[in-house]
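Residue-level listing of the chains:
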Protein chains: 2
Amino acid sequence: MMSIQFAKRMENLAASEIREILKLTERSEVISFAGGLPAPELFPVEEMKKVAVQVLEEDGRRALQYATTEGFGPLREAIAARMNRIFQTNASAQEILITSGSQQGLDFSGKVFLNEEDVVLCESPSYLGAINAFKAYNPRFIEVPTDENGMIIDELEKILAATDHVKMIYVIPDFQNPTGISWSLERREKFMEVINKYEIPVIEDNPYGELRFEGEILPSLKSLDKNGLVIYLGSFSKIFCPGFRIAWVAANQEILEKYIFVKQSADLQTSTIGQREVAKFIEMYDLDAHVEKIKDVYRKRRDLAISTMKENFPDGVKFTYPQGGLFTWVELPPHINSRDVLIKSLEYDVAFVPGESFYPDGKTYNTFRLNYSSMLEEKIVEGLERLGKVLKEFV
Amino acid sequence: MMSIQFAKRMENLAASEIREILKLTERSEVISFAGGLPAPELFPVEEMKKVAVQVLEEDGRRALQYATTEGFGPLREAIAARMNRIFQTNASAQEILITSGSQQGLDFSGKVFLNEEDVVLCESPSYLGAINAFKAYNPRFIEVPTDENGMIIDELEKILAATDHVKMIYVIPDFQNPTGISWSLERREKFMEVINKYEIPVIEDNPYGELRFEGEILPSLKSLDKNGLVIYLGSFSKIFCPGFRIAWVAANQEILEKYIFVKQSADLQTSTIGQREVAKFIEMYDLDAHVEKIKDVYRKRRDLAISTMKENFPDGVKFTYPQGGLFTWVELPPHINSRDVLIKSLEYDVAFVPGESFYPDGKTYNTFRLNYSSMLEEKIVEGLERLGKVLKEFV
């Protein structure tokens, strides 16, 4: 191999630990809590056969042709209407850009806002896919301390007062990945007060918000935003299925225009036929009813996971109680490294994701993430019982 | 609107002129030679109905689930086998990454190789979508003079000898967009000699290579590359249909690994179901026969376009004779600005793309691009006759 020189940013990019672990745990005997996969038995396979035929019959040539960068009009309309109804936003279809998964919305956010050495604020911990996306633009990260009610606003304000070049704040206020924590209404309101004062763009990532198992859906940050500072990322991956890679960015037009330029240079447009099929599914079937079905299943799995953990995890091991979403977050006593626990638990054919890659500085070692959504009930119990045994060897 | 600061790169990104013009010319009375659209009447709509149902019946849950970043195994296999057979390459499936259209391969090339102020070499003129993709990484462009046989190798060598920080060379050796020109075998061989001497990565963009109307397919640069310097971009958009946004990067493993990291941070993976449908089409039907059908139609349209131009365009207006692909390139006398011609021709409901955006420096004004692939024959004749009249007012 010759002396090819890659861009400096490539030093920051490596394989995602989640994906590498998923590869290692593809053996069918492994009970894996590592992924963030939705439950495939809930995917509307039969419905999608009818949808696919319908889309090709109605306008097959257009469904297979190039289309506009912004996205398929009727899908943008359906998304805006649905968001406004469920998350109390006030978006028009023109304020929606269809992206190839929310990961693309994260990458575009980095591309639109970040110069080298600019500062990104995020929760501590935060979603590793977002951290990876932003790292491609060589920013500095500052982690804002977070508790069971979300980002701690006093800490946020201290950081903003003391830091130059803060270009954006990345947050997941609903059932956060990795912790499962949701922000209280009070935190959301205070957060927006601070944001308005400092005029910093906010990336509100909300793939799980509809999957609330109890209580009322809280207002999205976007719905509390009077100044066009919140860029909202929504996705069909967790409420429908991820295989189409259809998601969206909702932002005011001045900002959205930048995302559209970036989309055009990045991949021209998201799959024409994929967009039309998702729109047709929404037209032909009841997506709300489908989400209810998903919630019923995940709620049971959450309950089972938490009760099994309570019974089997040793004292000194803490974990969150998620009111929705796909994940719970485990905190070990400070002297235990979750990587060591993983190595041991793989001997028992149980996998999870060590927490360190969810911290931009990678320096917290005593946490890990458990997914409870993608497994059948008996596997959840069996896997968490085994994990309990492993933990008792450490604590 | 508040004082939001965007990244510096956003100054370089604006709407693509092609797409903006396409929007203006969507009125059905306009005969548009502006797009680069494949002919929709050739899309295999009926076949894709059967394919879609088959994919969902065979393994619907997996087709709707997340999948690996690299792409669907059987599709990577099919692509490698097909490339090797048609373009004389020697790629394995492991050297193929599935991308969301070749535009994504262009964006990733910029991301993998370019630091700010690094130099990109390209043909003069070159594909504006590539120029836009690279501009997001703030490089400097140097245009290498090109004649009817492709890039002029002496000029390339002069530039390489005199220039630091040349990080990559972008070329379209087969039926170039915008000019329709193909490189001779001699140019290809000499080009690779120079490349091997300077050890510069080459992005070989080949969306049109299979659409050769006469003569033999020439060896791809990738097939002449003994040192792993050529990164090959292939696409299904022109030989099948663009609506799925399925394309690929073929490169040696060390380089491809970087593209895979970038893909993971950019959008995780290309549509699972889209990849499976394209693979299933190749399995169930005869893609080679489909390509022959496309070639027969486009050859007729090329012949008709060229003969109509010969009859109707005034002396002093030159144009290329493409042996394949979708485009011919028109050169006006130096004092005529093709933008003025466009404004006039829109009065006659005829559209094309002025050439200036195909030059990174945007300073050549007497050229324009004509697409002949996406229109029915009578429209081609009618449109080019009208354009001939317009040109006679200028020349």
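Fair warning: this is a prediction, and the values are worked out from it, not measured in the lab. (Residues numbered from 1 in each chain as written. Chains lettered and ligands numbered in written order. Predicted model: local features only at pLDDT ≥ 70, side-chain atom pairs only at ≥ 80, totals over all residues. Heavy atoms only, no water.)

**Side note on the overall build of chain A**
- Scanning chain A from terminus to terminus reveals 13 helices and 14 strands.
- Over its C-alpha trace chain A gives a radius of gyration of 21 Å, about what one expects of a compact globule, namely 21 Å for 395 residues.
- Expressed as lengths along the three principal axes of its C-alpha atoms, the size of chain A is roughly 60 × 60 × 55 Å.
- A burial count over chain A gives 65% of its 395 residues as buried.
- Long-range contacts, defined here as pairs at least 24 residues apart, represent 76% of the contacts in chain A between residues at least 6 apart.
- Here chain A has roughly 14,000 Å² of accessible surface; of this, 47% comes from carbon and sulfur atoms.
- For chain A, the separation between the mean place of its 46 positive charges and that of its 60 negative charges on side chains is 2 Å. (Helix = DSSP H or I, 4+ residues; strand = E, 2+ residues; numbered from the N terminus. Rg over C-alpha atoms; globule rule 2.2 N^0.38 Å. Buried < 20%, exposed > 50% of the residue type's maximum accessible area, 1.4 Å probe, protein only. Contact = heavy atoms within 4.5 Å. Areas by Shrake-Rupley, 256 points an atom, 1.4 Å probe, with all protein chains shown as cover. Lys, Arg positive; Asp, Glu negative; His and termini not counted. Charge placed at Lys NZ, Arg CZ, Asp CG, Glu CD.)

**Overview of the relation of the copies chain B and chain A**
- Of the two same-sequence chains, chain B is brought onto chain A (RMSD 0.0 Å, axial shift 0.0 Å) by a rotation of 180°. These values place the two chain copies in the arrangement generated by a two-fold rotation axis. Identified as the residue of chain B closest to the rotation axis by C-alpha distance is Ala52(B), at 3.2 Å.
- Both copies present the same face, since 100% of the interface residues in chain B are matched by interface residues at the equivalent positions in chain A. (Least-squares fit on C-alpha atoms with pLDDT ≥ 70 in both.)

**Quick notes on unusual backbone geometry**
- Residue Pro178(A) follows Asn177(A) across a cis peptide bond; omega there is 20°.
- Summarising the element assignment, Pro178(A) is placed in the loop between β6 (166–171) and α7 (185–198).
- Phi angles above zero are rare outside glycine, and Asp349(A) is one such case at about 60°.
- Looking at where Asp349(A) falls in the secondary structure, it is placed in the loop between α12 (338–347) and β12 (350–351).
- Residue Glu199(B) is not a glycine yet carries a positive backbone phi of 55°.
- You can see Glu199(B) is positioned in the loop between α7 (185–198) and β7 (202–205).
- What makes Glu199(B) partly exposed here is its relative accessible area of 27%.

**Here's the deal with the sheet that holds strand β4 (residues 140–147) of chain A**
All names here are of chain A.
- Taken in spatial order, the 8 strands make up an open sheet running β2-β9-β8-β7-β6-β3-β4-β5, and their pairing is mixed. Bordering the open sheet on either side are β2 (96–99) and β5 (150–151), each of which pairs with just one other strand.
- By the bridge criterion, 4 bridges tie β2 to strand β9 (residues 247–250) in an arrangement that is antiparallel. Looking at the pairing, Leu 97 lines up with Val 249 of β9. (Pairing = 2+ DSSP bridges.)

**Some details on helix α3 (residues 73–87) of chain A**
Residues and elements named next belong to chain A.
- Over its 15 residues, α3 runs 21 Å from end to end, which matches the ideal 21 Å to within 8%, given 1.5 Å per residue.
- Leu 75, Arg 76, Ile 79, Ala 80, Arg 82, Met 83, Ile 86 and Phe 87 are the residues of α3 that are buried.
- Against β2, α8 (221–224), β8 (230–235), β9, α10 (272–284) and α11 (287–312) lie the buried residues of α3.
- Residue Gln 88 follows α3 closely and has a positive phi angle near 60°. (Expected span 1.5 Å × (residues − 1).)

**As for the domain arrangement of chain A**
Residue and element names in this part refer to chain A.
- Domain assignment breaks chain A into domain 1 (8–43 + 289–394) and domain 2 (47–284).
- Facing 33 residues of domain 1, the contacting portion of domain 2 comprises 34 residues.
- Both faces combined, the contact of domain 1 with domain 2 buries some 3,100 Å², and carbon together with sulfur accounts for 62% of it.
- It is Gln 323, Phe 358 and Pro 360 that lose the most area in domain 1 upon contact with domain 2, and together they represent 21% of the buried surface on that side.
- Counting across the interface, domain 1 meets domain 2 through 2 salt bridges.
- In this structure, Glu 116 and Lys 8 form a salt bridge, with 2.4 Å as the shortest nitrogen-oxygen distance.
- At the surface where domain 1 touches domain 2, the tally comes to 14 residue pairs in polar contact (both at pLDDT 80 or more). (Domains from an automatic or database assignment. Buried area = accessible area lost by both parts, 1.4 Å probe. Salt bridge = Lys/Arg side-chain N within 4 Å of Asp/Glu carboxyl O. Polar contact = N/O pair within 3.5 Å; in protein donor to acceptor, adjacent residues only side chain to side chain.)

**Here we look at the environment of Lys190(A)**
- Relative to the elements of secondary structure, Lys190(A) occurs in helix α7.
- Expressed as a C-alpha distance, the spacing of Lys190(A) and Ile153(A), which sit 37 residues apart in the sequence, is 6.9 Å.

**What about the sheet that holds strand β11 (residues 327–331) of chain A?**
Residues and elements named next belong to chain A.
- Taken in spatial order, the 4 strands line up as β10-β11-β14-β13 in an open sheet, and their pairing is antiparallel. Both edges of this open sheet fall to β10 (318–319) and β13 (353–354), since each of them pairs with a single strand only.
- When β11 meets strand β14 (residues 367–371), the two strands line up antiparallel, connected through 5 bridges. When the sheet's bridge partners are listed, Phe 327 is paired in β14 with Asn 371.

**A short note on the pattern of salt bridges**
- According to the stated counting rule, one finds 56 salt bridges over all chains in the structure shown.
- Note that Asp107(A) and Lys111(B) form a salt bridge whose closest N and O atoms lie 2.7 Å from each other. In this pair, Asp107(A) is assigned in helix α4 (residues 102–113) and Lys111(B) in helix α4 (residues 102–113), connecting two distinct chains. Just as Asp107(A) is buried, Lys111(B) falls in that class too.
- In this structure, the salt-bridge partner of Glu393(A) is Lys344(A), at a minimum N-O distance of 3.9 Å. Within this pair, whereas Glu393(A) is found in helix α13 (residues 377–394), its partner Lys344(A) is found in helix α12, the two being separated by 49 residues in sequence.
- With a relative accessible area of 45%, Glu393(A) lands in the partly exposed category.
- Its relative accessible area of 25% is what places Lys344(A) among the partly exposed residues.
- In the salt-bridge network here, residues are joined through shared partners; they are Arg82(A), Arg85(A), Glu210(A) and Asp288(A).

**Some remarks on the packing of aromatic side chains**
- Taken as a whole, this structure holds 30 aromatic pairs over all chains when the rule is applied.
- Here the aromatic rings of Phe240(A) and Phe281(A) are separated by 4.8 Å at their centres, their planes lie at 45°, and the arrangement is tilted. With Phe240(A) in the loop between β8 and β9 and Phe281(A) in helix α10, this pair connects stretches of sequence that are 41 residues apart.
- Chaining the aromatic ring pairs together yields one cluster made of Phe236(A), Phe240(A), Phe244(A), Trp248(A), Phe281(A) and Tyr285(A).
- The ring of Phe6(B) carries Lys258(A) above its face, with NZ or CZ at 5.0 Å from the centroid. (Phe/Tyr/Trp six-rings, centres within 6.5 Å; stacked < 30°, edge-to-face > 60°. Lys NZ or Arg CZ within 6 Å of the ring centre and 35° of its normal.)

**Looking at the interface of chain B and chain A**
- Contacts between the two partners involve 82 residues from chain B and, on the opposite side, 82 residues from chain A.
- At the boundary of chain B with chain A, total buried surface from both sides reaches about 7,500 Å², with 61% on carbon and sulfur atoms.
- At the junction of chain B and chain A, the tally comes to 4 salt bridges.
- Between Lys49(B) and Glu57(A) there is a salt bridge, and its shortest N-O distance comes to 3.1 Å.
- At the surface where chain B touches chain A, the tally comes to 28 residue pairs in polar contact (both at pLDDT 80 or more).
- Those elements that place two or more of their residues in the side of chain B that touches chain A are α1 (17–24), α2 (45–63), α4, α5 (128–135), α9 (253–267) and α10 (272–284) of chain B.
- Tallying contributions element by element places α2(B) first for the side of chain B that touches chain A, with 10 residues.
- Each residue belonging to the side of chain B that touches chain A can be placed in one class, and the counts come to 39 nonpolar, 25 polar and 18 charged. (Nonpolar A, V, L, I, M, F, W, Y, C, P; charged D, E, K, R; others polar.)

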